[in-house]
Amino acid sequence: MTRDTNRSPEHRFRTLAVGSGPNGIRPVEGGPDDVIPPLHLSTTFEWAGSDEITEHAYSRESNPTRVALEDQIARLEGGEHGLVFASGMAAISTTMLSLVPPGGHIVSSDSVYSGTEKLLTEILAGHFGIDIDFIDARDPENVAAVADSDTDLIWVETPSNPLIRLCDVRSIADIAQDHNAAFGVDSTFASPYFQAPLDLGADVVVHSTTKYLNGHSDSTGGAVITDDDAAFENLAFSQQTGLGNMLAPFDCYLVARGIKTLPTRMEDHEKNAMAVARFLEDHDWVDRVHYPGLESHPQHDLAAEQMSGYSGMLSFEFDGTLAEIEAFVEGLDIFTPGASLGGVESLIEVPSLMIPDEVDHGPATAEVPENLVRMSVGIEDVDDLREDLRTALP
Ligand SMILES: *Cc1c(COP(=O)(O)O)cnc(C)c1O
């Protein structure tokens, strides 16, 4: 499967990811024509003259390695502007702080990353007096029921972490437009390869680059992409001048390097995840598998419509006690227990055992079942992955 954004007719996705062609690389003026954007560690750049502002003067505001990555990510997502931040949470918090005034109103999906939930409830609501409605956004009617002309931002994550629930981006974009609210989508689980929320009407797209974009579990970062010039100006001011919250050059270099193989990795993640999902679905100790590529996923049709592939994240409900789940995880050889996801290696997480305080949600957000197991399916040999599960399952 190949994905093409309709915003980049001149190059297909795989070509954009590698960065080949005239749009691919932005050499530094006067420097050598690097094929790979170099790593610029300098915090400051010589001024050409007192009345001549050079593009790069001070690295918090602009750094050539960072700008190269921001351009690369914007092209992949089919957007006008890209910005990269110190983490996925930094990208999300900066987006929310720059789009929502104190005392403003956010409508959020009730199935979001636990860090996003804490940001919303403890910092934005608790500290800034922002009014937040959590709703089950799988049904756009629930969004329409609480959004009004005072709403500043509608926020969803699709597919969601860790329940793998989807939101209908196109329908929610219409609702946001009716109320003149900004619409933000955390598209981390899909990566830009399998989903293009801007094409579906979102105003702002966010990724934790820590996950699929970097893809090698060795850099923490986040990205925001938008077509909206005013939102971009606001975000850039917050990122650079106000909050000082940008990705460091070395991490930019790593993410840019990772992106070159994003399409190839995503194809393998998806192929392996589909095989693992089907294996689990047939297993006696597995109650329910949440993977959008399975026909049994209640939103499979929506996934087929708004995504061009189903990615590598799944979760399932284990039919056994917590002690049995623990024994299963300990019996695994290839799947490593750990937080995070989206790297080439397979990881497994049992939220109730490993991050109990994050699972202990308030009543506002969707319940994470105690027996839920989340998997980031890597790109190892799929027969080894199945064998590992077969051996470790009771
Ligand atoms: C990991 C994750 C984040 C947070 O990203 P960090 O880079 O860890 O700050 C946000 N959203 C989703 C969906 C994630 O999986």
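Since the structure is predicted, the reported quantities are computational estimates derived from the model, not experimental observations.

About the thresholds
- Residues numbered from 1 in each chain as written.
- Predicted model: local features only at pLDDT ≥ 70, side-chain atom pairs only at ≥ 80, totals over all residues.
- Heavy atoms only, no water.
- Helix = DSSP H or I, 4+ residues; strand = E, 2+ residues; numbered from the N terminus.
- Buried < 20%, exposed > 50% of the residue type's maximum accessible area, 1.4 Å probe, protein only.
- Lys, Arg positive; Asp, Glu negative; His and termini not counted.
- Salt bridge = Lys/Arg side-chain N within 4 Å of Asp/Glu carboxyl O.
- Polar contact = N/O pair within 3.5 Å; in protein donor to acceptor, adjacent residues only side chain to side chain.
- Contact = heavy atoms within 4.5 Å.
- pLDDT = per-residue confidence, 0-100.
- Patch = residues over 30% accessible without salt bridge, like charges linked within 9 Å, V, L, I, M, F, W, Y side chains within 5 Å.
- Areas by Shrake-Rupley, 256 points an atom, 1.4 Å probe, with all protein chains shown as cover.
- Near = heavy atom within 4 Å.
- 1 Å grid on protein atoms, 1.4 Å probe; cavity = no way out; pocket = protein on both sides within 12 Å on 5 of 7 lines; lining within 4 Å.
- Sits in = over half its atoms within 2 Å of the grid points.
- Nonpolar A, V, L, I, M, F, W, Y, C, P; charged D, E, K, R; others polar.

A. Summary view of the side chain of Asp 168. Take Asp 168: it is sitting in the loop between strand 4 (151-157) and helix 6 (169-178). We note that Asp 168 is buried and unpaired, the nearest opposite charge coming from Arg 170 at a distance of 6.1 Å. A polar contact of 2.9 Å, which involves the side chain of Asp 168, links it to the side chain of Ser 171. Contact partners of Asp 168, with chain neighbours within four places excluded, come to Pro 140, Leu 302 and Gln 306.

B. Structural detail: the confidence of the model for the chain. On average, residues of the chain score 92 in pLDDT, and 92% of them are at 70 or above. The model gives residues 1-7 a pLDDT under 50, and that stretch makes 26 contacts with residues more than four places away or in other chains.

C. Inspection of the environment of Val 224 at higher detail. Note on placement: Val 224 falls in strand 7 (residues 222-226). Once the C-alpha coordinates of Val 224 and Ala 90 are considered, the two residues, 134 residues apart in sequence, prove to be 10.0 Å apart. Apart from the residues within four sequence positions on either side, Val 224 is in contact with His 81, Gly 82, Leu 83, Phe 85, Ala 91, Thr 95, Val 204, Val 205, Val 206 and Leu 235.

D. Representation of a nonpolar patch on the surface. Nonpolar side chains collect at one region of the surface, where Leu 97, Ile 123, Phe 128 and Leu 243 lie side by side and expose about 320 Å² of accessible area between them. Inspection of the secondary structure puts Leu 243 in the loop between helix 8 (229-242) and helix 9 (249-259). A relative accessible area of 46% means that Leu 243 is categorised as partly exposed.

E. Main features of the site of the ligand. Neighbouring residues of the ligand: 15 residues in total, closest Met 89, Asp 186, Ser 208, Thr 210 and Lys 211. Contacts to the ligand include Ser 208, whose side-chain N or O atom sits 2.8 Å from an oxygen atom. Look at the ligand: alone it shows 380 Å² of surface, and the protein chains cover 91% of it. The cavity where the ligand resides is the largest pocket. Take the shell around the ligand: its biggest share by element is three residues, from helix 3 (residues 88-99). Classifying every residue of the shell around the ligand gives five nonpolar, seven polar and three charged.

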